[in-house]
Each structure stands twice: as C-alpha cells, then as structure tokens.
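Residue strings, one per chain:
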Amino acid sequence: MFRRVTLVFVILLMIAVWATGAAADDDLEKVRRAITENNAAWKAAEAFFHPDEFGSHLGINKPLELDLLEPKIDPPLDIPTNFDWRDQSAVTNVRSQGQCGSCWAFAAVGALESAAIREGGYPRSIDLSEQYLVSDCYSQYDCNGSYSVWEPAQFLVTQGTVDEACMPYVAHNSACDRCGNWSSRLYTANSRGTVSQNVESIKQALYQHGPLITAMDVYSDFNYYDEGVYSQSWGSYEGGHAILIVGYNDSGQYFTCKNSWGSYWGESGYFRIAYSQVNGSVSFGQDTQWLSFDEGGTQPTGHAPTIDYLRYYDDDDELVYPPVYVTPAQSATLSIAFDYDDSDGNLDGGMLYAELDGDTYTLGPLTDMGASGALGFYFDFEMTTGGHDGNLYVVDTAGNESNVLPFEFTVQTNPQPCAGNTAPHIQSTHYFVESIELQTPLEVQPGVMLEIRFEYEDDQCNLPGGDLMIDAGGGWQNLGPNPFYLGCSTDDSGLYWGFYFDLEDASPGSYAFEAYFTDICGSASNHVDGVFSVSGAGDDDDDDNDDDNDDNDDNDASDDDDDASDDDDASDDDDAGGNNKPNQSSGERDDEEDGGGCGL
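First, a word on what this report is: a plain description of the structure on this page. None of the values given here were measured: they were computed from a predicted structure. (Residues numbered from 1 in each chain as written. Predicted model: local features only at pLDDT ≥ 70, side-chain atom pairs only at ≥ 80, totals over all residues. Heavy atoms only, no water.)

Quick look at the sheet that holds strand 14 (residues 319–320)
The strands that make up a sheet are held in pairs by hydrogen bonds between backbone atoms, and each pair lies either parallel or antiparallel. Read across the open sheet, the four strands follow the order 14-13-16-19; overall the sheet is antiparallel. Because the sheet does not close on itself, it has two edges, and the strands there are strand 14 and strand 19 (372–377). Summarising the sheet, strand 13 (residues 306–313) and strand 16 (residues 335–341) pair through six bridges and their orientation is antiparallel. Residue pairing for strand 16: Tyr312 is matched across the bridge by Ile336. (Pairing = 2+ DSSP bridges. Helix = DSSP H or I, 4+ residues; strand = E, 2+ residues; numbered from the N terminus.)

Observations concerning the sheet that holds strand 21 (residues 405–411)
Taken together, five strands build an open sheet; the order of strands is 15-21-20-17-18 and the sheet is mixed. Each having just a single partner strand, strand 15 (325–326) and strand 18 (359–363) make up the two edges of the open sheet. Sheet analysis places strand 15 next to strand 21, joined by two bridges and oriented parallel. Note that in strand 21 the partner of Val326 across the bridge is Val411.

As for unusual backbone geometry
A cis geometry characterises the amide bond from Lys62 onward to Pro63, with omega recorded as 0°. Position of Pro63 among the secondary structure elements: in the loop between strand 2 (41–44) and strand 3 (82–84). Of note in this structure, Ser283 is not a glycine but carries a positive phi near 50°. Looking at the secondary structure, you find Ser283 in the loop between strand 11 (270–274) and strand 12 (286–292).

Some thoughts on the state of the cysteines
Applying the stated criterion across every chain yields a total of three disulfides. One disulfide bridge connects Cys100 with Cys143, the sulfur atoms lying 1.9 Å from each other. Measuring handedness by torsion sign, the sulfur bridge of Cys100 and Cys143 sits at about -95° and is left-handed. You can see Cys100 sitting in the loop between strand 3 and helix 2 (103–120) and its partner Cys143 sitting in the loop between helix 3 (131–134) and helix 4 (150–158), a full 43 residues away along the chain. Both residues of the pair, Cys100 and Cys143, count as buried. At a sulfur-sulfur separation of 1.9 Å, the disulfide partner of Cys137 is Cys176. Around the S-S axis, the bridge from Cys137 to Cys176 shows a dihedral of about 95° and counts as right-handed. Of this pair, Cys137 sits in the loop between helix 3 and helix 4 while Cys176 is found in the loop between strand 4 (161–162) and strand 5 (186–187), placing the two residues 39 residues apart along the sequence. What makes Cys137 buried here is its relative accessible area of 16%. Using a relative accessible area of 29% as the deciding quantity, one classes Cys176 as partly exposed. Sulfur of Cys103: no disulfide; nearest cysteine sulfur belongs to Cys100 and is 9.1 Å away. (Disulfide = S-S within 2.5 Å. Buried < 20%, exposed > 50% of the residue type's maximum accessible area, 1.4 Å probe, protein only.)

Thoughts on the side chain of Asp84
Summarising the element assignment, Asp84 is placed in strand 3. A distance of 2.7 Å separates a polar atom in the side chain of Asp84 from a polar atom in the side chain of Arg86. Among residues more than four places away in sequence, those in contact with Asp84 are Val246, Gly247 and Thr256. (Polar contact = N/O pair within 3.5 Å; in protein donor to acceptor, adjacent residues only side chain to side chain. Contact = heavy atoms within 4.5 Å.)

Description of helix 2
Taking 1.5 Å per residue, 18 residues should reach 26 Å; helix 2 reaches 24 Å between its end C-alpha atoms and fits that length. The buried fraction of helix 2 amounts to 15 of the 18 residues, a majority that puts the element mostly inside the structure. Phi for Gly121, located one or two positions after helix 2, is positive at around 75°. (Expected span 1.5 Å × (residues − 1).)

Things to note about helix 1 (residues 28–37)
Listing the buried residues of helix 1 in full gives Leu28, Val31, Ala34 and Ile35. When helix 1 is viewed along its axis, its buried side chains cluster within an angular range of 125° and face the same direction. In this structure, helix 1 carries Thr36 and Glu37 as exposed residues pointing more than 90 degrees from its buried face. In the core, the buried residues of helix 1 are packed alongside strand 2. (Arc of directions from axis to C-beta.)

Here is the structure:
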C-alpha cells in the first residue's frame, strides 16, 4: 500500500513555469574531495539545479562593459571588525529569479530597496519591481543576461523602478506592461558610486553606503554549495553572476552575500565567501556599485496606497461568493469590501471612488485609516435587473491614486446561479518545489514542501466557494472551500488551485493521490491522480516498511482531518480582513515563506 503524509491546504495563483528541479549528481563526491584537498571551509550537498541548466540561473555575460565612473575614495573610517546590514533590518527578503538570467536586476533592485530603508525611512517590507528592468521598460538587458553591473544601477538613478504590485515578476522577457498610474509609483536612486576591487575598499564602502551590488565568476562547484565560507575548489567556468553584499567578517575572513535563488538555497538564501576569492579564480567584487537614496532620490509624494482582496458581503455580514446574484432589494445592501496598505498614513483623510455603470460615486474623507486594514461600502439604493459592473480605487491626501479593483454582480428577481451549470474541468497537474516546476516521473528529497497545482477551467464561474477533494490513501478529505477571490478561469488564463505535501518527516517510498473539484452547484469535475516518490530507499525497503506504516495510518488520518477542518474554519470570515487571504508576494518570485497556511 502507499504511505500517506500530512495534507495542508494552500491557494496557488502562480502561472509562471520555471526551472527543472535539482537532480542527483555523480560529481558531488568529486566536489567534496576537492574541498578536503584544498582545506576549504564549506560543505557541499546535492546540486541545487540540474547541472545542464545551472548556467541559465546566472546572468552576467562577459566581457563586462567598462564603467567610466572612477571609484569614489571616501575618507577611511574606523569600521568595526564584523558588520552585517541584516542586523540593522536594512535587507529585504530573499527572492528567486527563476530560470531567467536576471540576477543583475535582483542585485540592483535589492540595493535600491536597502537604500530606501536606510535613507528613505521605508519599512523592510518594501518590495520593488525587478520585472520593470527585465521588461522592455529597460530595453538594454533581459533574461538573456547583462554585460554590466553599473548600467542597471545607473538606470535606477535616471529612470528608477516601480513597486512590485505595479509590475509583478514573471521570470521571462515581457513588454513594458506596467500599471496605469506607474509614473506616480516610481522610486529612483539619488546617485551611485563604484568601488575598487579589493577587500578593504569593499568593506569601507559597505559600511558607509549600505549593501553593494557586485559580480563574480561562477564555477560548477557553486551549484553544490550548502553552507560555510565558500572558496572555489572544483569544476569549470559556468558564467558570471550578480549578487548583493550585505556584510563582512574579519574574524572569519569572509563577506556575506544575498543571492536570488530562493530561501532554500545555501544558508537560507545567503552565502559566505572568503576574502581570498577577490583575487582568486572567482574574481569576487567585479564592478561593485553602491546606490544612495537620500534627498535627491525620488519616490512618490508619500507612498501610493495599494488595495486588494476584493470580496462581497450580504446584510448579515455573510460572504457572497462570485458570481454574485442578488435581488433588487439585496442590491441596496450588498457590501463591497477590500484590504488596503498605506505605509505612510496619507490615506487618512483621503477619498474612495467607486465607478458603477458609468457613474462615479465618492465616499470621504476617510477617517481612522491605519497603515493597513479593511474598508467596505454599499450603494444604498435598489438597482435595476441585469448585470452591473464598475471599478473602485482610493486616493490619499497627497493625491496618489491606488491601483484599481474591478467588481461586478447581477440583479435578478429570482437569482438562479446554477441554472444550466457546466461542471468545472481540471486541465493539467503541475508539481513544484520552491516555485520550481519538477518533471515527471517525480522523485523528491525528504524535507521539502511538494506543491501540487491544478490548472482548471470553469465556464460558469461557480467554482469559487466550491470544494477540493483529496484522497491520499486514507479516504476522501475536503480541503475546500475555494476562496472566492481566486476567481474562475473560462479560457487559457492559467489559474491554479491546489495543496502541498509537507515531506518534513516523510519516509522514503512511493506516494499517490487522487483529486477532483466540486462547485457551489454540486457539479463534480473530472478526477485526476498522481504518483511521486521520496528518495532514500528502494522498492524492497518500501515492502519492509508497509506494516509499520499501517500502524501509523490512523494517526496520520486524524492529523489530516484536523488540517482539513482548520482550513474550513479559516474560510469563515468574521470581518472584512478575513482569514483566508494568501500571503502577499509577487507573481512569481519566491519570497521567504513560513511554509504553512495559505500562501503563494
């Protein structure tokens, strides 16, 4: 029989298809022997990326364009022996560039974010757009890599970038498809400087100017880095790579760097590299740049508020799942609610604008508005039968407009949303670890979160509010309902709904599951199934362990039932904020996640 593992419900909206998962590599022992022979101070593990695809996760091409700006020589300071900007809460979360040679954009934007925190007073949660640089908004470089570190830095001085919500990361080349009010959401650096390629200059600049953009040459062994102080020990040249230097340590003779391969790589997304690599084969510290955000740096007057997570409530404060059908009397009390984020507090005293069927309605001035929260309204008049739609947005006291949220509902004398209903259809199944799509047949390492994502079609838009049914060997479990904000897919729009297996304590062997959807009308989708294996033992071991796992199945089943019940409870929103809202991270990068509950 197949073993079962804990099921945890998760909402998945990601549409980007990224790299192949890391595969076992026979060269691992060669790397480990080389580390020992060179007396290096780091540990190697299985290759993080498939060796054949490692180069696509880099992004600095050679030869580098020469920076005409001379290094700025600051008066030397009596700097501390050890220093790390993470200890000052001046470094944003680790993110993932995916299978796109955009490390140069992540390093540059990471430096601007840190400068905005240090000199602009922004919170550590600031999230600026790398896609703005990868797209045609900056036509010079893209996913094919950059021939420069300083040119992207200069672009952030002259042109800047927008916030992540205005232009989310998609990990591929794209048109300059930014939000409508992008010009009021630009962040630019005030100035930049270049740093000489030597240890003392890099340390001084890091301490005086904040996290630094830099480049290094990458060899095959870097794909096997797990922890410790890296020094190149084995392998051939793979390409150049841009990273962000965030700290130094004289006691251990190393720099600490933030990478852009997600938080599961290396030391929670970071690595340490020996001072000796500045002059070694890696040539660490090439084209090192700093960015300043003080005074001359521009940002919106205040910070443009953002709004999301649109939802509907009836006059009993019960959620109404889309598609929304109401009677004429109910249309007068139908509440439309959303969440807002306003880090600088300028929304207090601002205005809400709702455009309905071509007419604009205003509400304000808004009062008691915090840095974040929920806001709702209703129109207070009965509407005619038929479809109604509109848009809403907020404007703060500095005149900054938020993004726009569309809404729609239908007024009918006798609403019948299930008349002529067509069952939803699961189109395809995808497997991801750390937002990297895996290929089948599937084998994963113990301890990972294996995400199962179902792309679906829902012509009638009756799946929001429906259920996800899973059988992983112990009977059917309901991991629904489908949150109404997930929406429906009536074309090739790429919406996903799914769950993940927590393989933290999984035993080696094979695992299977079966799944289907039911919509709010009770119509069931097609059934899909899947099989994967956890590495570490052969088939004979699986047979030997069946009895032990039989003994444990009852305990597993109770755990699974608890998880399913918890997620059902989470769907009961008691207030406009709700408990089913997913963590807010970009389109598809991997920010650090807590690994549980709802999230992208």
